[in-house]
Amino acid sequence: MTTGEITEKETSKLFRRHPPTAGMLLVKIGRAAERWYTEALKPSGLTPRHLGVLFEVRAQPTSQQALIESIGVDPSKLVGLLNDLEAEGLIVRRRDADDRRRHIVEVSKEGRARIAAAERAAKAVEDRLFVGLDSEQLTELLGLLAQVADTSGIYEGCAQLVAHAD
């Protein structure tokens, strides 16, 4: 047993006192994952939120309004994130040719290079987070989480994205 691990007997006692719910377990895992991602991404100069924006924009250049909806962030927070990324030369905002009131956000060449470095850091976090799962279990977990995200309205279309990623 390594430091920090608890025995089956201790786990049994813990869960008898306070059995975890799926939602609260996701909250706890999410907080830990965010801390791990934040630490792992420091050398890239990005935060998990920055990387989330870059992933969305890399997949498809999009309007700021569409980004607000797809990543579920407050409009004022998105502007701050985009300002950070633009100052670093990682994104470009340009006027939409079809609607001059809108800005389209695209990843720059420098942004693509920074994403590649950040993806290596993210992979290390995922390896740590999912160390106890084999590839079949991980695929099943991803499908279930995508279904939850989709049906709860948190990330509509997520299940379809995951299904087409195979």
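Whatever comes next refers back to the structure up there.
The sections below set out a description of the structure shown in this document. It should be emphasised that the depicted structure is a prediction, and the values quoted were computed from it without experimental measurement.

What follows deals with the overall build of the chain. Within the chain, the regular secondary structure consists of eight helices and three strands. When its helices and strands are written in sequence order, the chain yields α-α-α-β-α-α-β-β-α-α-α. Taking all contacts inside the chain whose residues are at least 6 apart in sequence as the whole, residues at least 24 apart take part in 44%. Taken as a whole, the chain presents about 11,700 Å² of accessible surface, with 55% of it coming from carbon and sulfur.

Counting 20 residues, the largest nonpolar core has Leu46, Val53, Leu54, Leu67, Leu78, Leu82 and Leu85 as the members making the most contacts within it. If you list the elements that add at least two residues to this core, you get helix 3 (48-59), helix 4 (64-71), helix 5 (75-87), strand 3 (103-107) and helix 6 (109-129). With residues up to four places along the chain from it excluded, the contact list for Leu78 reads Val53, Gln64, Leu67, Ile68, Ile71 and Val73.

For the pair helix 3 and helix 5, interaxial distance at closest approach is 10 Å and the crossing angle is 85°. Relative to helix 5, the element helix 3 lies roughly perpendicular. Counting all contacts with helix 3, which are made through Arg49, His50, Val53 and Leu54, the residues of helix 5 involved are Leu78, Leu81, Leu82, Asp84 and Leu85.

Moving on to a positive patch on the surface. On the surface, a cluster of positive charge is contributed by Lys28, Arg31, Arg35 and Arg128. Structurally, Arg31 can be placed in helix 2 (residues 22-41).

With that settled, consider the pairing of strand 3. Relative to strand 3, strand 1 (residues 62-63) is paired through two bridges, and the arrangement is antiparallel. Directly across from Ser63, in strand 3, lies its bridge partner Ile104. Sheet topology note: the strand 2 (residues 91-95)/strand 3 ladder contains five bridges and is antiparallel. When the sheet's bridge partners are listed, Arg95 is paired in strand 3 with His103.

Turning our attention to the sheet that holds strand 1. Across the sheet, three strands lie side by side as 1-3-2; this open sheet has antiparallel pairing. Only two strands of the sheet have a single neighbouring strand rather than two, namely strand 1 and strand 2. Relative to strand 2, helix 5 is tilted by about 110°, and along the sheet it contacts strand 2 and strand 3.

A few words on helix 6. If you check helix 6, its first and last C-alpha atoms are 30 Å apart, about what 21 residues at 1.5 Å a residue would give, namely 30 Å. Among the residues of helix 6, Gly111, Arg114, Ile115, Ala118, Ala121, Ala122 and Val125 are the ones counted as buried. What you see down the axis of helix 6 is that its buried residues fit within an arc of 135°, all on one side. Turned more than 90 degrees away from the buried face of helix 6 sit Lys109 and Arg120, all of them exposed. Residues of helix 6 that are buried make contact with helix 2, helix 3 and strand 3.

Basis of the calculations
Residues numbered from 1 in each chain as written. Predicted model: local features only at pLDDT ≥ 70, side-chain atom pairs only at ≥ 80, totals over all residues. Heavy atoms only, no water. Helix = DSSP H or I, 4+ residues; strand = E, 2+ residues; numbered from the N terminus. Contact = heavy atoms within 4.5 Å. Areas by Shrake-Rupley, 256 points an atom, 1.4 Å probe, with all protein chains shown as cover. Core = buried A, V, L, I, M, F, W, Y, C linked by side-chain atoms within 4.5 Å. Buried < 20%, exposed > 50% of the residue type's maximum accessible area, 1.4 Å probe, protein only. Axes fitted to C-alpha atoms, helices over the stretch in contact; angles between N-to-C directions. Parallel < 35°, antiparallel > 145°, perpendicular 65-115°, else oblique. Patch = residues over 30% accessible without salt bridge, like charges linked within 9 Å, V, L, I, M, F, W, Y side chains within 5 Å. Salt bridge = Lys/Arg side-chain N within 4 Å of Asp/Glu carboxyl O. Lys, Arg positive; Asp, Glu negative; His and termini not counted. Charge placed at Lys NZ, Arg CZ, Asp CG, Glu CD. Pairing = 2+ DSSP bridges. Expected span 1.5 Å × (residues − 1). Arc of directions from axis to C-beta.

Nothing here speaks to function; it is all geometry.
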